[in-house]
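# A structural walkthrough
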Amino acid sequence: MTLASLLPVAIILSSLIPGLAIFLVREESHLLRGLLNMAGALTKLALVGVLIWGVYHGHVYEARLALAPGLELVLSADALSVLFVSLSALLWLVTTVYAIGYLEHSPNRSRFFGFFSLCVSATVGIALAGNLPSFVIFYELLTLATYPLVAHRGTPDAVRGARIYLAYTLSGGVALLIGAIWLQSLSGPQDFTQGGYLSNLSEAHRGALIAIFALLLAGLGVKAALVPLHGWLPQSMVAPAPVSALLHAVAVVKAGAFGIVRLVYDVYGVEFAHALGLLGLLGALASLTILYGSLRALAQDGLKKRLAYSTVSQVSYIALGASILGPVATIGGLVHLVHQGIMKITLFFCAGNYAETLGVHRVSEMDGVGQRMPLTTLAFSLGALGMIGIPPIAGFVSKWYLGLGAIEAQAHWVLLILALSSLLNAAYFLPILYRAWFRPAPAAWPEESPRRGRFETQGALLWPPLITAAFCLLAGLLAAAPFSPLEWVELIARREYP
Amino acid sequence: MSSLALAVTLPLLGALLATLWPGRAQPLGLAASLLTALASAWVIAEVWQAGALRLELGGWSAPLGIALVADGFSAAFLGLSALVALGSGLYASTYFSTREMQARFWPLWLLLWAALNALFLAGDFFNLYVTLELLGLTAAALGALGATPEALRANLRYLLIGLLGSLTYLLGVTLIYIAHGTLDLALVGAAITAGPVDATALALMTLGLALKAALFPLHGWLAPAHANAPAPVSAALSALVVKAAFYLIARLWLDVFAPLITPWAASLMGLLGAGAVLWGSWRALRAEQLKVLAAYSTVAQIGALCLFLPLLQGLPAGAAREQLVAALVLMALTHGLAKSGLFLAAGLVQRAAGHDRIAELGGTAQRLPATTFTLGLAGAALIGLPPSGAFIGKWLLIEAALERGQWWWVVVLALGTLLSAAYVFRVLSRAFNQDPTPGRFVSEARTELPALLLALLATAGLGLASAPLWRLLGVAPS
């Protein structure tokens, strides 16, 4: 095993080992647990830094382990994996800080942080998976690792939400597994290849390939919350705020979307998928999801539920980008993988702060929160405006490239979807901002926490949203700078469309 | 002395000594366990080197004498027995706290192990019959150790059904002897003809073994017997004793009688397997007690193993067949390890709660993090989730089914997977409640760790590091 093959393995182990160690930590050893958490998160970030540098310079990082004849566990890093790995590593660090602050006085922290780390390990595994079987393995591991996080609170509601989550994701997992095996029985064992590896299969397999695409898409669509497979997502909102943040921005939902991107670009190949007529199916599903999610978000009074439906809608931008043929739309979809992540995690951090500090859980209770918690509300506003697509925040860049890509591909209906969706985004976010900043605050908050630091809330809860909000702004302002998400995605697109 | 002979005689000797010195049964038993496991490891090492072993007892060669034989297939099961018996034995040394129980447990336990090893190494039909009888007797006696009325009733039934099974098997053996004048497996295998006698013999032997393996619809005796036995015994019964009968079915169908098997016969076995997968999983899902759930899940697993038979039928010797047989072994081994871990953990939950009613487990599961973790790991392997060995086995099974155009087995496996996920998580979800946080991960290392290690071997060990097993089974890495 060479150094180059060690790097992807080390990136997974940097959260797996601390995670397993944390299970063994006694409940009252805050310091040791915090130390393990932070050591893992920082190590991972450093390793990912090396990986970014290496992949940019064209180095190959690959590790292989034979599981059975014809079945290999492959970890490798291409530009697309790096995009997802960096997002996960960065947001894991921020979320860990947040979670330590958020759960400071709640029970079962060793169990929580153990599974939290396993969850990130699985996500990074998904990002680094170099072939479909490896992807399936980590995808299922992610299901297993997130179940205890959703059920964490142990209330009947939480256990029920977790059960629904599991029913959806495991059924999706079965579809994905069968699709993956069927595909391998046609193509033989293959690694993910830029441009796909199926286009030279014989014409006779056309029907099978379409059926396999549908199976795989069903499996991935459950986690990506494509309508009508999204039912678990609002139910799993019972999880603690850091879990929701991670689920919506990095781990579960994003894993599904990332899988769709892999499926279109590196298994079928975007041109071959187009030739089979599969992009139309994907585009229709994505558009339906975008509009449906936004419409449902409008009607929610619970803040986290509104954010959940907003996720349903926003994540499908990624699938929409993948369903349009052409490099510019690809850029728009892929860059949203990162942009949606940083914006949505900001919003969930803020929602957690309102709940934890003031006991505010509903939109209708948010009158005047901006006066009581100006910094949190500033971060929330940046995230929300970004989601609507106001320049110069990150979300604008995504929508701009999606729109341009649609024009380039002559898919003008996409512009209509984008316009409608932006209107709906504004309709469910702007009233919140109006309430928060301009309505008078009530005499007493529903359940104000006695603990607060020097600022409006504890530092560990305040810094993470401020930092991620800054990311949202910077990703938009500095979109043209080297190593910005946009620049990196352009690199991927150049490699996909030579 | 040869390793093959040691693997059978050491546990026998241990059983004898433990009977003679009941006061010292435990240390003697543990020492004999360790030595037996070492002897098994030696057999495996020799098979690894030489591919196959044969020992003519007393220097008499077949058809006159009897032989012990070992190949990769039997070595793999020998290894499974050693791991499960060692882990469960260690667990039992704490689980049975009185000298009296220990004095009863160890001789029977070592006899059971000797019978298992002898079965896996036997080279002729009559030896197999003797080991089957010994296995059935010791298993029923061990199962009744708890001496509750339910345990006695269930195990008496188990004993009688076991006797019926071995007698049916013996009937088949008689036919073989009449037709071929020998009982040596290899010689009979070479002389098999597609006539009614051999076919009847196979049918009788399979029927007898199916009774012992609790193959659907002959599984009725299993749940009460396994659920009422003490935990370490249930672990061995479910992981090893039932698997031993299936091992023999596989030997006969894939090896000795392979030319006789028609597509119809193999499909029938597959159909029974499918019934077992669905019905066993369904009953496990409806079970009210944890150990009953585990027992029905065993019924489903034997069914899953039977699904390999229709896909192996007619598959010519070669890489594809070897791989599928290896996948079968991998799945059987994973199930064995996972099931023993599950039963051991269930025993701890039962002891801590005073009962094993799933609906009322709540706080107990949360108080025992390591044990709940074991239930989770074992459960993941039973469902066939990655990275367990069962996942790989399932992958290859589905691949074979799709390649041979028999997609209906895929539907059965998909349903089985979802049902088993439902019953596993029905238990695990009890661990999430608002009871006080447990202080530490492991509370009693000597019982919790063997269970955890067995479950971990099933999930991570056989999943990620199964390369040696493929090599042992003679499958070339590709």
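Residues numbered from 1 in each chain as written. Chains lettered and ligands numbered in written order. Predicted model: local features only at pLDDT ≥ 70, side-chain atom pairs only at ≥ 80, totals over all residues.

Looking now at the overall build of chain A. The helix and strand tally for chain A stands at 20 helices and two strands. For 498 residues, the compact-globule estimate of 2.2 N^0.38 gives 23 Å, and chain A sits close to it at 21 Å. The dimensions of chain A, computed from C-alpha atoms along their principal axes, are 70 × 55 × 45 Å. Across chain A, the fraction of contacts at a sequence separation of at least 24, relative to all contacts at a separation of at least 6, is 80%. (Helix = DSSP H or I, 4+ residues; strand = E, 2+ residues; numbered from the N terminus. Rg over C-alpha atoms; globule rule 2.2 N^0.38 Å. Contact = placed C-beta atoms within 7 Å.)

Let's shift gears to the overall build of chain B. Of regular secondary structure, chain B possesses 20 helices and two strands. Whereas a compact globule of 478 residues would reach a radius of gyration of roughly 23 Å, chain B reaches 21 Å, a difference of no more than 12%. Overall, chain B is about 65 × 55 × 45 Å in size when its C-alpha atoms are taken along their principal axes. Expressed as a percentage of contacts within chain B between residues at least 6 apart in sequence, the contacts between residues at least 24 apart total 80%.

Further remarks concern the environment of V315 of chain A. In this fold, V315 of chain A is placed in helix α13 (residues 303–323). Considered as a pair, V315 of chain A and T346 of chain A are 31 residues apart in the sequence and their alpha carbons are 15 Å apart.

Our focus in this paragraph is unusual backbone geometry. Residue and element names in this part refer to chain A. Cis peptide bonds are those with omega within 30 degrees of zero, and the linkage from V227 to P228 qualifies with 5°. In this fold, P228 is placed in the loop between α7 (206–224) and α8 (232–235). Of note in this structure, N108 is not a glycine but carries a positive phi near 60°. Examined against the element boundaries, N108 turns out to sit in the loop between α3 (79–102) and α4 (109–128). Despite not being glycine, A225 shows a phi value in the positive range, around 60°. Its location among the elements puts A225 in the loop between α7 and α8.

Before going further, it helps to examine the nonpolar core. The biggest cluster of nonpolar side chains holds 402 residues, and the ones touching the most others in it are L83, C119 and L142 of chain A together with L112 of chain B. Every residue in contact with L83 of chain A, bar those within four places of it in the chain, is listed here: L334, L337, V338, W488, V489 and I492 of chain A. (Core = buried A, V, L, I, M, F, W, Y, C linked by C-beta atoms within 7 Å. Buried ≥ 20, exposed ≤ 12 C-beta atoms within 10 Å, placed from the backbone.)

Residues and elements named next belong to chain B. Counting all residues, the mean pLDDT for chain B is 90, and 99% of those residues have values of 70 or more. Here helix α15 (residues 362–367) stands out as the element of chain B with the lowest mean pLDDT, 76, in contrast to helix α11 (residues 263–286), whose mean of 95 is the highest. In the model output, the complex is listed with pTM 0.94 alongside ipTM 0.92. (pLDDT = per-residue confidence, 0-100.)

Turning our attention to the interface of chain B and chain A. Taken together, the contact between chain B and chain A spans 34 residues of the former and 34 residues of the latter. Per-element tally for the side of chain B that touches chain A: the top contributor is helix α17 (residues 389–403) of chain B, with seven residues. In terms of residue class, the side of chain B that touches chain A is built from 22 nonpolar, nine polar and three charged. (Nonpolar A, V, L, I, M, F, W, Y, C, P; charged D, E, K, R; others polar.)

All names here are of chain B. For the pair helix α3 (residues 72–95) and helix α10 (residues 231–256), the least separation of the axes is 8 Å and the interaxial angle reads 165°. For the element pair α3 / α10, the angle class is roughly antiparallel. When the axes of α3 and α10 are compared, the crossing they make is left-handed. Across the interface between the two elements, F77, S81, V84, A85, S88, Y91, A92 and Y95 of α3 pack against A231, P232, A235, A236, A239, L240 and Y247 of α10. (Axes fitted to C-alpha atoms, helices over the stretch in contact; angles between N-to-C directions. Parallel < 35°, antiparallel > 145°, perpendicular 65-115°, else oblique. Left-handed = near helix turned anticlockwise from the far one by under 90°.)

This brings us to the pairing of strand β1 (residues 62–68) of chain A. Along any regular strand the residues' side chains alternate between the sheet's two faces. All names here are of chain A. Looking at chain direction, β1 and strand β2 (residues 71–76) are connected through six bridges and run antiparallel. Its bridge partner being in β2, L65 is matched across the sheet by L73. Connecting β1 to the next strand, β2, in antiparallel fashion are two residues, including G70 with a positive phi near 80°. (Pairing = 2+ DSSP bridges.)

The next point concerns helix α2 (residues 25–50) of chain B. When the terminal C-alpha atoms of α2 of chain B are compared, their 37 Å separation across 26 residues agrees well with the 38 Å that a helix rising 1.5 Å per residue should span. Phi for G51 of chain B, located one or two positions after α2 of chain B, is positive at around 90°. (Expected span 1.5 Å × (residues − 1).)

Helix-helix packing is characterised by the crossing angle of the two axes and by the distance between the axes. All names here are of chain A. Helix α20 (residues 485–496) packs onto helix α14 (residues 327–358) with a crossing angle of 140° between their chain directions and a minimal axis gap of 9 Å. Classified by the interaxial angle, the pair formed by α14 and α20 is oblique. For the pair α14 and α20, the crossing hand works out as right-handed. Judged by residue contacts, P327, T330, I331, L334, V335, V338 and H339 of α14 engage P485, L486, V489, E490, I492, A493 and E496 from α20.

Let us look at α3 of chain A. Look at α3 of chain A: 34 Å from first C-alpha to last across 24 residues, which is about the 34 Å you get at 1.5 Å a residue. Of all 24 residues making up α3 of chain A, 23 are buried, and the element is well covered by its neighbours.

On to the environment of T174 of chain B. Secondary-structure assignment places T174 of chain B in helix α6 (residues 149–180). For the pair formed by T174 of chain B and L290 of chain B, sequence separation is 116 residues and the distance between their alpha carbons is 42 Å.

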